[in-house]
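An overview of the molecular structure
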Amino acid sequence: MQSWPVPELPDLPGTGPVLRIHDTGARQVRPIEPGPTARMYVCGITPYDATHVGHAATYVAFDLIHRLWRDAGHDVHYVQNVTDIDDPLLERANDTGDDWRELADREVEVFRGDMAALRVLPPREYVGAVEAIPLITDLIARLRDKGAAYEVESDLYFPVNADPRFGSLARLDVAEMVRLFGENGGDPDRPGKKDSLDCLLWQSARPGEPAWDSTLGRGRPGWHIECGAISLHYLGMTFDIQGGGRDLVFPHHEMGAAEAHVATGTFPHARAYVHAGMVGLDGEKMSKSLGNLVFVSRLRNEGADPMAVRLALLNHRYRNDWTWTPTDLHTADERLARWREAVQRPSGPPAGTLLEGVRDRLADDLDTPAALTAIDGWADAALAGQGEDTAAPALVRDLADALLGVSLRRHR
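So, here's what we can say about the structure. All chains use their own residue numbering, which begins from 1 and follows the written sequence. The model is predicted, so local features are restricted to residues of pLDDT at least 70 and side-chain atom pairs to those at 80 or more, both for listing and for counting; the totals for chains, interfaces and linings are taken over all residues. Heavy atoms throughout the structure, all of them, feed into the side-chain values; hydrogens and water do not.

Brief notes about the overall build of the protein chain
Each helix corresponds to a stretch of at least 4 residues labelled H or I by DSSP, and each strand to a stretch of at least 2 residues labelled E; elements are numbered beginning at the N terminus. Of regular secondary structure, the protein chain possesses 13 helices and 14 strands. C-alpha atoms define the radius of gyration, and 2.2 Å times the number of residues to the power 0.38 defines the globule rule. Its C-alpha radius of gyration of 22 Å places the protein chain within 12% of the 22 Å reference for a compact globule of 412 residues. Along the first, second and third principal axes, the C-alpha set of the protein chain runs to 75 × 45 × 35 Å. Each residue is assigned to one of three classes by its accessible area relative to the maximum for its type, calculated with a 1.4 Å probe on protein chains only: buried under 20%, partly exposed between the two thresholds, exposed over 50%. The proportion of buried residues among the 412 residues of the protein chain is 60%. Throughout, a residue-residue contact means that at least one pair of heavy atoms, one from each residue, lies within 4.5 Å. Sequence-distant contacts in the protein chain: of pairs separated by 6 or more residues, those separated by 24 or more amount to 80%. The accessible surface values rely on the Shrake-Rupley method and a 1.4 Å probe; as for residues, cover is taken only from the protein chains in view. By element, 46% of the accessible surface of the protein chain is carried by carbon and sulfur atoms, the whole surface being about 16,700 Å². By the counting rule applied here, Lys and Arg register as positive and Asp and Glu as negative, while His and the ends of each chain are not counted. Just so you know, the charge point we use is NZ for Lys, CZ for Arg, CG for Asp and CD for Glu. If the 43 positive side-chain charges of the protein chain are averaged to one point and the 62 negative ones to another, these points end up 3 Å apart.

A look at helix α9 (residues 306–314)
A large share of α9 lies buried, amounting to nine of its nine residues. Taken as a whole, α9 has its buried residues at Pro306, Met307, Ala308, Val309, Arg310, Leu311, Ala312, Leu313 and Leu314. In protein, a polar contact means a hydrogen-donor-capable atom and an acceptor-capable atom, both N or O and within 3.5 Å, with residues adjacent in sequence counting only if both atoms are side-chain atoms; elsewhere, any N or O pair within 3.5 Å suffices. Of the residues that open α9, the one with a side-chain oxygen 2.8 Å from the backbone nitrogen of Met307 is Asp305.

A closer look at the pairing of strand β10 (residues 239–245)
For β10, a buried count of seven out of seven residues is recorded, marking the element as mostly surrounded by other parts of the structure. If DSSP finds at least two bridges between two strands, the strands pair. The pairing of strand β3 (residues 37–42) with β10 spans three bridges and is parallel. Bridge pairing links Tyr41 to Gln242 in β10. Bridge count for β10 against strand β11 (residues 270–276) is six bridges, and the pairing is parallel. Along β11, the bridge assignment pairs Ile241 with Ala272. As for the winding sense of the linkage, the β-α-β connection from β10 through helix α7 (residues 249–264) to β11 is right-handed. A crossover gets the label right-handed when its path from the first strand over the helix to the second runs clockwise, viewed with the strands pointing away from the viewer.

Let's talk about the nonpolar core
Put simply, buried Ala, Val, Leu, Ile, Met, Phe, Trp, Tyr and Cys residues joined by side-chain atoms within 4.5 Å make one nonpolar core. Ile65, Trp69, Ile241, Trp324 and Trp378 are the most contacted members of the largest nonpolar core, which has 76 residues in total. Top element by residues in this core is helix α1 (residues 53–71). It accounts for 11 residues. Not counting chain neighbours up to four residues away, the residues in contact with Trp69 comprise Leu19, Ile32, Pro34, Ala38, Arg39, Met40, His74, Val76, Asp240 and Ile241. One finds Leu143, Met177, Ile230 and Ala257 within the second-largest nonpolar core, a separate group that totals 45 residues.

Brief notes about the pairing of strand β4 (residues 75–82)
Consecutive side chains of a regular strand alternate in pointing toward one face of the sheet and then the other. Among the eight residues in β4, seven count as buried, and that is most of the element. Across six bridges, the pairing between β3 and β4 is parallel. Residue pairing in the sheet places Ala38 in a bridge with Val76 of β4. A crossover links β3 with its parallel partner β4, the connecting element being α1, and its sense is right-handed. Two elements, β4 and strand β5 (residues 125–128), share four bridges in a ladder whose sense is parallel.

Re the sheet that holds β5
Ordered by their spatial adjacency, five strands build an open sheet running β5-β4-β3-β10-β11, and the pairing between neighbours is parallel. For this open sheet the edge positions go to β5 and β11, each flanked by a neighbour on one side alone. Taken pair by pair, the neighbouring strands of this sheet meet at an average axis angle of 20 degrees, ignoring direction. Helix axes use the C-alpha atoms of the stretch in contact, all axes being lines fitted to C-alpha atoms, and the angles between their N-to-C directions lie in the range 0 to 180 degrees.

Some details on α7
Given a helix with a known number of residues, its expected span is that number minus one, times 1.5 Å. With 16 residues, α7 extends 21 Å between its outermost C-alpha atoms, agreeing within 8% with the 22 Å of an ideal straight helix rising 1.5 Å per residue. Most of α7 sits out of view: 15 of its 16 residues are buried. Gly265, located one to two residues past α7, shows a positive phi value of around 70 degrees.

Some words on unusual backbone geometry
Residues Phe250 and Pro251 are joined by a peptide bond in cis, for which omega reads 10 degrees. Summarising the element assignment, Pro251 is placed in helix α7. The linkage connecting Phe267 with the following residue, Pro268, adopts the cis geometry, with an omega of 0 degrees. Looking at where Pro268 falls in the secondary structure, it is placed in the loop between α7 and β11. In the Ramachandran plot, Arg27 falls in the positive-phi region, its phi being about 60 degrees despite a non-glycine side chain. Summarising the element assignment, Arg27 is placed in the loop between β1 (19–23) and β2 (28–32). With a phi angle near 75 degrees, Ser154 is a residue other than glycine that sits in the positive phi range.

Focus on the packing of aromatic side chains
The geometry of an aromatic ring pair is captured by the separation of the ring centres together with the interplanar angle, meaning the angle of the planes. Each Phe, Tyr or Trp ring, with Trp reduced to its six-membered ring, pairs with another whose centre is within 6.5 Å; inter-plane angles below 30 degrees give stacked pairs, above 60 give edge-to-face pairs, and intermediate values give tilted ones. A full pass over the atoms with the stated rule returns seven aromatic pairs. Taken together, Trp4, Tyr59, Phe111 and Tyr126 form an aromatic cluster joined through their ring pairs. In this analysis the charged atom, NZ for Lys or CZ for Arg, is taken to sit over a ring once it is within 6 Å of the ring centre and within 35 degrees of the ring normal. Sitting above the plane of the Phe267 ring, Arg165 keeps its charged end 3.9 Å from the centroid. Over the aromatic face of Tyr150 sits the side chain of Lys194, whose NZ or CZ is 4.6 Å from the ring centroid.

Observations regarding the sheet that holds strand β6 (residues 150–152)
Backbone hydrogen bonds are what pair the strands of a sheet, in a parallel or an antiparallel way. Overall, antiparallel pairing links the four strands, which are arranged β6-β7-β8-β9 in an open sheet. In the strand order of this sheet, the two ends are held by β6 and β9 (219–221), each with one partner. Strand-to-strand twist across the sheet, computed as the mean angle between neighbouring axes with direction ignored, equals 30 degrees. With three bridges joining them, strand β8 (residues 199–204) and β9 adopt antiparallel strand pairing. When the sheet's bridge partners are listed, Trp202 is paired in β9 with Pro221.

Points about the packing of α1 against α9
Contact pair α1 / α9: the axes reach a minimum separation of 10 Å and the direction vectors enclose 85 degrees. The pairing of α1 with α9 is recorded here as roughly perpendicular in orientation. Between α1 and α9, the contacting residues are Val53, Ala56, Ala57, Val60, Asp63, Leu64 and Arg67 on the first element and Arg310, Leu313 and Leu314 on the second. When its residues are assigned to classes, the contact of α1 with α9 shows seven nonpolar, no polar and three charged. Here the angle decides the label: under 35 degrees means roughly parallel, over 145 means roughly antiparallel, 65 to 115 means roughly perpendicular, and every other value means oblique. Note on residue categories: nonpolar means Ala, Val, Leu, Ile, Met, Phe, Trp, Tyr, Cys or Pro, charged means Asp, Glu, Lys or Arg, and polar means any other residue, Gly included.

Rendered as structure tokens:
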């Protein structure tokens, strides 16, 4: 599957520090020190609706990690999936009368356009579940060979007790796991399962639903096995960061990790699990089921500068929950205009200390509000006519672009 174009990044003097990030599994902020190649897998969209600002906030957060790793001198191997076959997509297609493939293709294209407009660096591999079915069936076969798959009415399930570490990521009690599993695509009450938390690996063909021939019989994959198969194939076991929104901690990341552990006999699936907070509207989490979505494409079509949208997202710490309001975009528009005016000045205060300060703030668990405030201070001083460093405006323009992904050039 094709991703989107790579934006041109300016080079900055020096190199950035080691990233310290909140690891959900460890319950603490800790340094992440990859080898020469930093490896990251971020769960992508299920393409039955366009990109809302909650999606955008998540992918901008992991884009910052991508940029900081590059600034620290790492090659970055970033993989993202697209869940282009799943029950929510089929249900939406049925409701709207669309062909499910056309619906998925259309919404993926909107997502690509939004990511390009927001200057999100694309993944090296952008992989749809449909194209990954051979990888998925191979992984399920490995689990079956290890005795970690069983049948329920011709469907295949993964027994979560096959992984003695199951539950160590989310650290929830059984009742809460069952509740979340049922609310997020699981079937805890299905008769014939060995454990209510056992998750679907392969669903046998149903009348009127898409299915593919495989060594497992004709059918389609479950949700959690998809990301495990793709990440293992492209990144191998024990890659640096598995990421996504906080709503993926359980069941998705917990289940995927357990399947990878059992299939490979190796631990951990990822060295760190990093999760972005939820974005709300009118006091509730922004979600497709509630219909309270603010779409990035709609904001763009209404004339919003994508760089202002990105700044509005960056004004909130990535792992905090927050609520979108029109004020977010208004404030970001004003900030963007000040920054652009400041870097057009022929000179300003020296920016070397600012560069190091922004690097340090971002390396401290992506403290973007503090990084924005630091640039505000430089811009205010430049606009007040302070400083005579003629190289400073260009350096500030470059650091905003390279580290924050905010282009200060005056074009859309």
